[in-house]
Amino acid sequence: DGDMYVSSLSFDGLKLYMVKRSTFDADIFVSDYSMGRWMPSKPVGKPVNSKYFESHASISPDGKSLYFTSNRKESIGEMDIFVSRLNEKGIWSERVNLGEIINTKLNEETPFLGVDGKTLYFSSQGHESIGGFDIFKTVMQADGTWSKPEGLPYPINTTDYEVFFFPMEKENSVYITLYE
């Protein structure tokens, strides 16, 4: 579908989230797998997409919460993590910034929710990191707040840039992308 890059795949393998960049912004698109092939992608639309830069998106295991990063005006720092929830009519709700427990004055990127639907993995430059971007995890508490993010240990986090950390259904299995 043109100049796009893959951001994430839904847990059921039937929705592919992509980001299309232009000179001044980026938007999130989704393609559905149907009848043995990927359908043409469509923009996720507002309120997720905006005139700002949406750089990454991933969906919760139940398909009802979209976690994404953006540098929109209500960001705490540069790139922040937001969530939008799918309502009963199939429309995304107004986005919510995950707040100062997750977002810092620097960049947060690549949020991925674990298979439990409560553990959020993301990369950050702003939390206590070993260097560059590191992978952190936080857990949603019973009251809907997030626990204090914890950096994953070495050798997952290093002095290089660790950005994509995608937890798999099989215990202790992940996909990870490293930048050097």
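Preceding block: the structure.
Here is a short report on the structure shown in this document. (Residues numbered from 1 in each chain as written. Predicted model: local features only at pLDDT ≥ 70, side-chain atom pairs only at ≥ 80, totals over all residues. Heavy atoms only, no water.)

Moving on: the overall build of the protein. Counting its regular elements, the protein contains zero helices and 15 strands. Taking 2.2 N^0.38 as the reference for a compact globule, 180 residues should give roughly 16 Å; the C-alpha atoms of the protein span a radius of gyration of 16 Å, in line with that estimate. Expressed as lengths along the three principal axes of its C-alpha atoms, the size of the protein is roughly 45 × 40 × 40 Å. Across the 180 residues of the protein, 44% fall into the buried class. Within the protein, contacts between residues separated by at least 24 positions form 38% of all contacts whose residues are at least 6 apart in sequence. Here the protein displays about 10,000 Å² of accessible surface, and carbon together with sulfur accounts for 53% of that area. (Helix = DSSP H or I, 4+ residues; strand = E, 2+ residues; numbered from the N terminus. Rg over C-alpha atoms; globule rule 2.2 N^0.38 Å. Buried < 20%, exposed > 50% of the residue type's maximum accessible area, 1.4 Å probe, protein only. Contact = heavy atoms within 4.5 Å. Areas by Shrake-Rupley, 256 points an atom, 1.4 Å probe, with all protein chains shown as cover.)

Turning to the sheet that holds strand β7 (residues 65-70), a few remarks are in order. An order of β6-β7-β8-β9 is seen for the four strands of this open sheet, with the pairing classed as antiparallel. If you trace the sheet from one side to the other, it starts and ends with β6 (54-59) and β9 (96-97), each paired once. Where strand β8 (residues 80-85) lies against β9, two bridges are found, and the strand directions are antiparallel. Residue Val 83 lies in a different strand from β9, and its bridge partner there is Val 96. (Pairing = 2+ DSSP bridges.)

Quick look at the nonpolar core now. Residues Tyr 17, Ile 28, Val 44, Val 48, Leu 66, Phe 68 and Trp 92 are the most contacted members of the largest nonpolar core, which totals 13 residues. Looking at this core, the elements that each hand over two or more residues are β2 (15-21), β3 (26-34), β6 and β7. Tallying contributions element by element places β3 first for this core, with three residues. Once residues within four sequence positions are removed from consideration, Trp 92 is found in contact with Val 44, Pro 47, Val 48, Ile 59, Gly 63, Lys 64, Ser 65, Leu 66, Ser 84, Arg 85 and Leu 86. One finds Tyr 67, Ile 102, Leu 113 and Phe 122 within the second-largest nonpolar core, a separate group that totals 10 residues. (Core = buried A, V, L, I, M, F, W, Y, C linked by side-chain atoms within 4.5 Å.)

Counted by the stated rule, this structure contains five aromatic pairs. Ring centres 5.5 Å apart and planes at 85 degrees place the aromatic pair Phe 133 and Tyr 161 in the edge-to-face group. Pair noted here: Phe 133 is in the loop between β11 (119-124) and β12 (134-139) and Tyr 161 is in strand β14 (residues 161-167), with a separation of 28 residues, a long-range link. Residue Phe 133 is classed as buried on the basis of its relative accessible area of 10%. Here Arg 72 stacks its cationic end above the ring of Phe 82, 5.4 Å away from the centre of that ring. (Phe/Tyr/Trp six-rings, centres within 6.5 Å; stacked < 30°, edge-to-face > 60°. Lys NZ or Arg CZ within 6 Å of the ring centre and 35° of its normal.)

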